[in-house]
Amino acid sequence: MNILFVSNEYPPETGFGGIGTYTQCMAEALADRGHNVHVICRSASGVPARKKCSNVTIHRISPGTYPLPQGKAFYPFRMLCYRYIPDSLIRLAWANEVYKTFMQLSESDCRFDIVEFPECNGEGFYITRNNVSGTIVRLHTPWELARKLDRIVSRPLDRIVSAFIEKHSAKHARGICSPTHSLANKLSKEWKLKNIRVYPNPITVHSFENTDGTGIIYTGRIEHRKGVHTLINAYGSLCNEINDAPQLRLIGRPYGVLPDGFDYGVLIENQINSHNLRERVAWVKGTDATGVKQHLAASSIAVFPSIWENFPYTCLEAMASGLAVIASRCGGYKEIIEDEKNGLLFEPGNAEDLRKKLQILCNNDHIRQKLGTQARNRISELCNPDNICTEAEKLYRHTAESTINEQR
């Protein structure tokens, strides 16, 4: 099949999130199975480029600017748009560039059987608006949901427009898939989506070194919805209980401003200071994929204290590295981790519950090692790329065949 993925993020140039990681894993796995796979993604430099990597043709394009009506008569309208929907304009500009590139590729290279895009930020808005055939939307986490969890203040009209383009692109796709039942159930109710296929995100376990390290680690953006503040409180209490508690590593960039105008990264810095943890917490504010793997291999316990989460690669990578994982009992974590079998779950936002789970692992090498071994086995089975590609191909074939039947 001729398959096109759309993803603003795509490693290594713009590999800053789970959507990019998913897209790369799926694109390369499908290419290995003989499919002709293309990806439209953003150029960090703004300069368009095309190259082939791991049998995947990558088209990096400019993020674009939204073509608002020009001329003096439309000046007031443009100013209103810039003032009230600036974020929506950025999203629409990218979606517009994606559609233009899709049309150019369709006319010059090949006719795509399948076009898959994320619902987040409405990247497929113009593709679905123009009734392109063979469209698949992959549910990751809508921006509006992430914004609420991160407590990010946004202009009211911006929120309305952004939510509309996300919902529109999902409802008008020919096929829908999600990595978790949790998000599928949530959006089937809120957006009235039907026939959502559920299969996990893929990961190649053997590309991760099995840990032989020590210490506690958190990987991912330092943002409110990830619950890092809960981790710092729990770790501070743990250090009061255990004098030689292992070091905590935070691997990730700070992100987000709270409703009171306070930067979330500054909040975490203040928490670290208030618990007298400056010598115990090592914060690496950003690294590449190789650096993350090295930090995981040097650790033994990973903590993911999110308020809510879909199917995060940070957790998959830690489990693939053989770490004993503690995660909040919410969203997709409950579908990844079997409590006390291949990881531990705690109540979201409950720092005392998290402290107890950390103390169990710090005090018992046998339990920690057993959970780490079972975690790696779990991810090897659950997220096997070949099995996931088989499920995706079923959806792709069904969607492509349905489109052909509609056109007859």
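One can find the structure itself at the top, above this paragraph.
So, a few notes on the structure that sits alongside this text.

## Thoughts on empty space enclosed by the protein
Under the criterion given, the structure shown has three cavities of 30 Å³ or more. Lining the largest cavity, in full, are F5, V6, S7, I19, Y22, T23, E116, F117, P118, R138 and H140. When residues of the lining of the largest cavity are traced back to their parent elements, those giving at least two are β1 (2-6), α1 (18-32) and β5 (114-118). By residue class, the composition of the lining of the largest cavity is six nonpolar, three polar and two charged.

## Considerations on helix α7 (residues 181-190)
Those residues of α7 not exposed but buried are S182, L183, A184 and L187. Elements in contact with the buried residues of α7: β7 (175-178), β8 (196-198) and α12 (333-336). Backbone geometry just after α7 places K192 at a positive phi near 60°.

## Thoughts on the nonpolar core
Within the largest apolar cluster, 82 residues are counted, with the highest numbers of intra-cluster contacts made by F5 and L250. Broken down by element, the residue count for this core peaks at seven residues, all from helix α8 (residues 228-241). The contact partners of F5, leaving out residues within four places of it in the chain, are Y22, T23, M26, A27, L30, V37, H38, V39, I40, E116 and Y396. I40, I61, A170 and I196 belong to the second-largest nonpolar core, a separate cluster that totals 34 residues.

## Regarding unusual backbone geometry
Across the junction of P11 and P12, the peptide omega takes the value -5°, indicating a cis bond. Structurally, P12 can be placed in the loop between β1 and α1. You will see that N121, though not glycine, has its phi angle at about 70°, which is positive. For N121, a relative accessible area of 24% puts it in the partly exposed group. Phi is positive for E340, close to 70°, though the residue is something other than glycine. Mapped onto the elements of the fold, E340 is located in the loop between α12 and β14 (344-346).

## What to know about the pattern of salt bridges
Counted by the stated rule, this structure contains 20 salt bridges. K285 serves as the salt-bridge partner of E269, at 2.9 Å between the closest nitrogen and oxygen. Taken as a pair, E269 in helix α9 (residues 264-274) and K285 in the loop between β11 (281-284) and α10 (289-297) lie far apart in primary sequence, 16 residues in all. With a shortest N-O distance of 3.3 Å, E391 and K394 are connected by a salt bridge.

## Thoughts on the side chain of H224
Tracing the chain through its elements places H224 in the loop between β9 (216-219) and α8. Every residue in contact with H224, bar those within four places of it in the chain, is listed here: L149, D150, R151, H229, L258, Y264 and I307.

## A short note on the packing of aromatic side chains
Each aromatic ring pair is specified by the distance between its two centres and by the angle formed by the two planes. A full pass over the atoms with the stated rule returns five aromatic pairs. Arranged with centres 6.3 Å apart and planes meeting at 50°, the rings of Y218 and F304 form a pair that is tilted. With Y218 in strand β9 and F304 in strand β12 (residues 301-304), this pair connects stretches of sequence that are 86 residues apart. Each of the two residues, Y218 as well as F304, counts as buried. Site record: aromatic cluster; members linked through ring pairs are Y99, F102 and F112. The ring centre of W308 lies 5.7 Å from the NZ or CZ of K186, which sits over that ring. Positioned above the aromatic ring of F208, the side-chain terminus of K293 is 4.7 Å from the ring centre.

## Structural notes on the pairing of β1
Among the five residues of β1, four are classified as buried, and the element is accordingly described as predominantly covered. Across five bridges, the pairing between β1 and strand β2 (residues 36-42) is parallel. Pairing of L4 across the sheet is with H38, part of β2. Crossover handedness for the path β1 to α1 to β2: right-handed. As defined by bridge partners, β1 adjoins β5 across three bridges and the pair is classed as parallel. What sits directly across from I3, in β5, is I114.

The rules we used
- Per-chain numbering applies: the sequence of each chain, read as written, is numbered from 1 onward.
- Residues qualify for local features only when their pLDDT is at least 70, as the model is predicted, and side-chain atom pairs are given and counted only at 80 or more; totals for whole chains, interfaces and linings, by contrast, use all residues.
- Only hydrogens and water are set aside; all other atoms, that is, all heavy atoms of the structure, feed into the side-chain values.
- Lining residues are defined by having an atom within 4 Å of a point belonging to a cavity or pocket. Those points lie on a 1 Å grid over the protein atoms alone, cavities being sets where a 1.4 Å probe fits but cannot get out and pockets being open sets with protein on both sides within 12 Å along at least five of seven lines.
- Grid points are joined across faces, edges and corners, and a volume is the space filled by probe spheres set on the points.
- Secondary structure elements are defined from DSSP: runs of H or I of at least 4 residues count as helices, runs of E of at least 2 residues count as strands, and each element is numbered from the N terminus.
- Each residue receives one of three labels: charged for Asp, Glu, Lys and Arg, nonpolar for Ala, Val, Leu, Ile, Met, Phe, Trp, Tyr, Cys and Pro, and polar for the others, Gly being one of them.
- Remark: exposure states derive from per-residue accessible area (1.4 Å probe, protein chains only) relative to the maximum for the residue type, with buried under 20%, exposed over 50%, and partly exposed in between.
- By the convention used here, residues are in contact when the closest approach between their heavy atoms is within 4.5 Å.
- The criterion is simple. A nonpolar core is a set of buried Ala, Val, Leu, Ile, Met, Phe, Trp, Tyr and Cys residues joined through side-chain atoms within 4.5 Å.
- Basic side-chain nitrogens of Lys or Arg form a salt bridge, by our definition, when they fall within 4 Å of a carboxyl oxygen of Asp or Glu.
- Under the pairing criterion, centres of Phe, Tyr and Trp rings, with the six-membered ring standing for Trp, must be within 6.5 Å; the plane angle then separates stacked pairs below 30 degrees from edge-to-face pairs above 60, leaving the rest tilted.
- Sitting over a ring, as applied to charges here, requires NZ of Lys or CZ of Arg to be within 6 Å of the ring centre and within 35 degrees of the ring normal.
- When DSSP finds two or more bridges between two strands, those strands count as paired.
- If you view a crossover with the strands going away from you and the path from the first strand over the helix to the second runs clockwise, you call it right-handed.

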